[in-house]
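# Inside the fold
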Protein chains: 2
Amino acid sequence: MSHSTDQTPERPTGHAVPTSADVARLAGVSRATVSYVLNNTSAVRISEPTRRRVREAAEELGYVPHAAARSLRAGHSRMVLLPSAHIPVGPLYSQFFNDLQWELRRLDYTVVQYGSVGLKPDEAARAWAELRPVAVVSLGEVELTEQAVELLKRSGARAVITLGTQQVPGTHSLAMDQGRIGEVATAHLIESGRRRIGVVVPEEPGLGMFSRPRLEGARRAAESAGTGAAAGATVVPLPLRYDEESADELAGRWRELGLDAVFAYNDEYAMLLMRALQDAGISVPEETAVVGADDLLLGRLLRPRLSTVHIDMVLGRELAELVDQAVRDADTPPRSRRLLDSRVVRRESS
Amino acid sequence: MSHSTDQTPERPTGHAVPTSADVARLAGVSRATVSYVLNNTSAVRISEPTRRRVREAAEELGYVPHAAARSLRAGHSRMVLLPSAHIPVGPLYSQFFNDLQWELRRLDYTVVQYGSVGLKPDEAARAWAELRPVAVVSLGEVELTEQAVELLKRSGARAVITLGTQQVPGTHSLAMDQGRIGEVATAHLIESGRRRIGVVVPEEPGLGMFSRPRLEGARRAAESAGTGAAAGATVVPLPLRYDEESADELAGRWRELGLDAVFAYNDEYAMLLMRALQDAGISVPEETAVVGADDLLLGRLLRPRLSTVHIDMVLGRELAELVDQAVRDADTPPRSRRLLDSRVVRRESS
């Protein structure tokens, strides 16, 4: 079922939406003056009493400038679109996104999030393009293609910024370096004398963009430890759903697998797996060391206290300034930079 | 620092945004026909070959209809604005919001979320109004005032729907009945023979809209148990920050407080407080019963397993249909309905 706009009944009259023409009439000025005053244009000299009169008239009528009309006149918008995350990204990303929105607003952008659940790259690009954003900052919810980026650019987007590992032509890519998280966790386990290291790979859809590079990072750490005393470390991928049944099943064949350590993807999966291991009689850290990631409070509440990877994210302000620069100068060469930094916090579980 | 739109440098030429006129020219039809075809208007009969020609021309040029231009012509938009939550609302609400967005898109609305962190009611209403949404569905991130609602309506919003306990004139209010959560938890504790019941009140900003009604619900349960064998139950509010220091401090004076049970706001605060109580030598549930809320997996991973309040939320589809109805008939009388249903899941901690 789908309603086109034409089928929507007309708005009842008697409650007309005030326009800038109404404000101009009430204030006794031109529409251009109303526009200059309400859009804070400093290029045009307008006296303070006139500005006040316009503001008071707008207030009295309840007039608000229309972002879309303004962008139609200007030929571009000030809207930055963030495809919103439908995956459980955790408090770390929530905070980062709050900061980013705040900083973009400070730079006078309008920030909207667009839920992009279940959209294919071209559908997503089309849906976003309908809103005519001047920039799109994608965490990686949708795997952008070159055509999708081209469509966005043709619709007026000056900057498409991707936070992820993929390198799509025409975008500014900020590498999240998820691989580093798996790498430092695994290097820590190897240094502590562990040799058979499991790496949890969540089976929940949408987490692959995080879990794949973490597994690769773990493999890199095992390979680079290939000489000397640490030689012979191996990495074993462990698919796991976020439920007790899946964790119990994995714990039940733990000794068969012959593992002496596990990097458990993040603190929540680590909590789930550690409980299953303990219930199966496997002692942590004696028989198996466990390391999570994200450094959540819950890890400190577990017994033994959970070792974890602490992740520092780039400031929202830095990213907001990159967006602004890319919008103002569409010729800013696409480039990559690191968005994350990671270090191990060793507690009792490893 | 603030850039007005006028100061933004011009888009480099040679990459012009295609318009519906370009599509019309290439397809050899009128602009009106382009609009009818691309907006899926079924009211006008257009032959299939013509439709195909228009779609192919749009594809070739990379043309996407402009939502804002369409809404300017139609006099209203199809945009539903959801102020986005800056508070950690948890997986329950994330899922609900995903469902709501999906269902609204199925009804042909464009759904955008707008981060409204730190905005006052009038600032928020103004920022939202600039986007000219046809409906606003507010979880309660911003305490809407009557003036704010009036401003939104004057800017073309046909429906303002609030999910919360506040009753603002001109809105459709969907009561979340947070109070019921505290009520069923406390009634359960009283029925189990507990008499001095602490209720955790998180000190984190933004949670008051959840915690205040939960505390009131707990008090109602204690009052209505005022006769018979259950007489004399009392409720003691317990301010708590989500950190170990605050929890240890509270656990340290637990016996002074003389409490034999606690409703800990939700499962995460319950996990925090239960750890602090156990570390302070207070046995759960023997000396103190603990009940959380949200029925998260982590509660089942604790020892003792955490009792909790399971919350059933209304389907996203029901709410989407209410939004659609309110948009199509602005005279739909404002009304309240229940959004949540709550029941206790008893495990080992109570």
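All of these numbers come straight from a predicted model, not from anything done at the bench.

Basis of the calculations
Residues numbered from 1 in each chain as written. Chains lettered and ligands numbered in written order. Predicted model: local features only at pLDDT ≥ 70, side-chain atom pairs only at ≥ 80, totals over all residues. Heavy atoms only, no water. Pairing = 2+ DSSP bridges. Helix = DSSP H or I, 4+ residues; strand = E, 2+ residues; numbered from the N terminus. Axes fitted to C-alpha atoms, helices over the stretch in contact; angles between N-to-C directions. Contact = heavy atoms within 4.5 Å. Buried < 20%, exposed > 50% of the residue type's maximum accessible area, 1.4 Å probe, protein only. Polar contact = N/O pair within 3.5 Å; in protein donor to acceptor, adjacent residues only side chain to side chain. Salt bridge = Lys/Arg side-chain N within 4 Å of Asp/Glu carboxyl O. Patch = residues over 30% accessible without salt bridge, like charges linked within 9 Å, V, L, I, M, F, W, Y side chains within 5 Å. Areas by Shrake-Rupley, 256 points an atom, 1.4 Å probe, with all protein chains shown as cover. Lys, Arg positive; Asp, Glu negative; His and termini not counted. Charge placed at Lys NZ, Arg CZ, Asp CG, Glu CD. Core = buried A, V, L, I, M, F, W, Y, C linked by side-chain atoms within 4.5 Å. Expected span 1.5 Å × (residues − 1). Arc of directions from axis to C-beta. Phe/Tyr/Trp six-rings, centres within 6.5 Å; stacked < 30°, edge-to-face > 60°.

## Some details on the sheet that holds strand 6 (residues 196–202) of chain A
All names here are of chain A.
- Taking strand neighbours across the sheet as the criterion, the 4 strands line up as 7-6-8-9 in an open arrangement whose pairing is parallel. A single partner strand is all that each edge strand has here, and the edge strands are strand 7 (234–240) and strand 9 (289–291). Here the average twist between neighbouring strands, direction ignored, is 25°.
- Pairing between strand 6 and strand 8 (residues 261–263): 3 bridges, direction parallel. Among the inter-strand pairings, Val199 is bridged to a residue of strand 8, identified as Phe263.
- This element, helix 8 (residues 178–191), spans strand 6, strand 7, strand 8 and strand 9 of the sheet and lies at about 165° to strand 8.

## Let's talk about the side chain of Thr308(B)
All names here are of chain B.
- Here Thr308 is to be found in strand 10 (residues 308–313).
- Residue classification places Thr308 among the buried positions, given a relative accessible area of 0%.
- Here the side chain of Thr308 touches Asp267 through a polar contact of 2.7 Å, side chain to side chain.
- With residues near it in sequence (within four places) discarded, Thr308 still touches Asp267, Val291, Gly292, Ala293, Asp294, Asp295, Arg343, Val344, Val345 and Arg347.

## With respect to the pattern of salt bridges
- One pass over the full model with this rule turns up 27 salt bridges over all chains.
- With a closest N to O distance of 3.0 Å, Arg106(B) and Glu103(B) form a salt bridge. Of the two residues, Arg106(B) and Glu103(B) are both situated in helix 5 (residues 90–106); the distance of 3 residues between them amounts to about one turn of the helix.
- Owing to a relative accessible area of 34%, Arg106(B) belongs among the partly exposed residues under this scheme.
- For Glu103(B), a relative accessible area of 11% translates into the label buried.
- One salt bridge connects Arg328(B) with Asp324(B), and the closest N-O pair in it is separated by 4.0 Å. Pair noted here: Arg328(B) and Asp324(B) are both in helix 14 (residues 316–328), with a separation of 4 residues, about one helical turn.
- Residue classification places Arg328(B) among the partly exposed residues on the basis of a relative accessible area of 32%.
- The buried category is assigned to Asp324(B), whose relative accessible area is 8%.
- Because the salt bridges share partners, they merge into one network encompassing Glu103(A), Arg106(A) and Arg317(A).

## Regarding the side chain of Ser307(B)
Residue and element names in this part refer to chain B.
- Positionally, Ser307 belongs in the loop between helix 13 (297–301) and strand 10.
- On the basis of relative accessibility, which here comes to 0%, the residue Ser307 falls in the buried class.
- A polar contact is formed between the side chain of Ser307 and the backbone nitrogen of Arg347, at a distance of 2.8 Å.
- Each residue touching Ser307, except ones within four places of it in the same chain, is listed here: Val290, Val291, Gly292, Val345, Arg346, Arg347, Glu348, Ser349 and Ser350.

## Observations concerning a negative patch on the surface
- Judged by side-chain charge, Glu56(A), Glu59(A), Glu60(A), Asp122(B) and Glu123(B) come together as a negatively charged surface patch.
- The set of elements that each furnish at least two residues to the negative patch consists of helix 3 (48–61) of chain A together with helix 6 (121–130) of chain B.
- Tracing the backbone shows Glu123(B) in helix 6.
- Its relative accessible area of 40% is what places Glu123(B) among the partly exposed residues.

## With respect to the nonpolar core
- In this structure, Leu163(A), Leu319(A), Leu163(B) and Leu319(B) are the most contacted members of the largest nonpolar core, which totals 164 residues.
- Setting aside residues no more than four positions away along its own chain, Leu319(A) makes contact with Phe96(A), Leu100(A), Val137(A), Ile161(A), Leu163(A) and Leu174(A).
- The next biggest cluster of nonpolar side chains, apart from the first, holds 44 residues, and it includes Trp128(A), Leu131(A), Ala125(B) and Val149(B).

## Comments concerning helix 3 (residues 48–61) of chain B
Residues and elements named next belong to chain B.
- Between its first and last C-alpha, helix 3 extends 20 Å over 14 residues, near the 20 Å set by a 1.5 Å rise per residue.
- Among the residues of helix 3, Thr50, Arg51, Val54, Ala57 and Ala58 are the ones counted as buried. Along the long axis of helix 3, the arc covered by the buried residues comes to 130°, so they all point the same way. Turned more than 90 degrees from where helix 3 packs its buried face, Glu56, Glu59 and Glu60 sit exposed.
- For helix 3, the secondary structure elements touched by its buried residues are helix 1 (20–27) and helix 2 (31–38).
- The positive-phi residue at the C-terminal boundary of helix 3 is Gly62, with phi of around 70°.

## Some thoughts on the packing of aromatic side chains
- This model, assessed by the stated rule, comprises 4 aromatic pairs over all chains.
- Residues Tyr265(A) and Tyr269(A) carry aromatic rings whose centres are separated by 5.5 Å and whose planes lie at 90° to one another, so their mutual orientation is edge-to-face. Residues Tyr265(A) and Tyr269(A) agree in their burial class; the two are buried.
- An angle of 55° between the planes, with centres 5.1 Å apart, marks the rings of Tyr242(B) and Tyr269(B) as tilted. A residue pair is termed long-range when its members are at least 10 positions apart, and Tyr242(B) in the loop between strand 7 (234–240) and helix 10 (244–252) and Tyr269(B) in helix 12 (residues 267–279) qualify at 27 residues.
- For Tyr269(B), a relative accessible area of 5% corresponds to the buried category.
- These aromatic residues form a ring-pair network of at least three members: Tyr242(A), Tyr265(A) and Tyr269(A).

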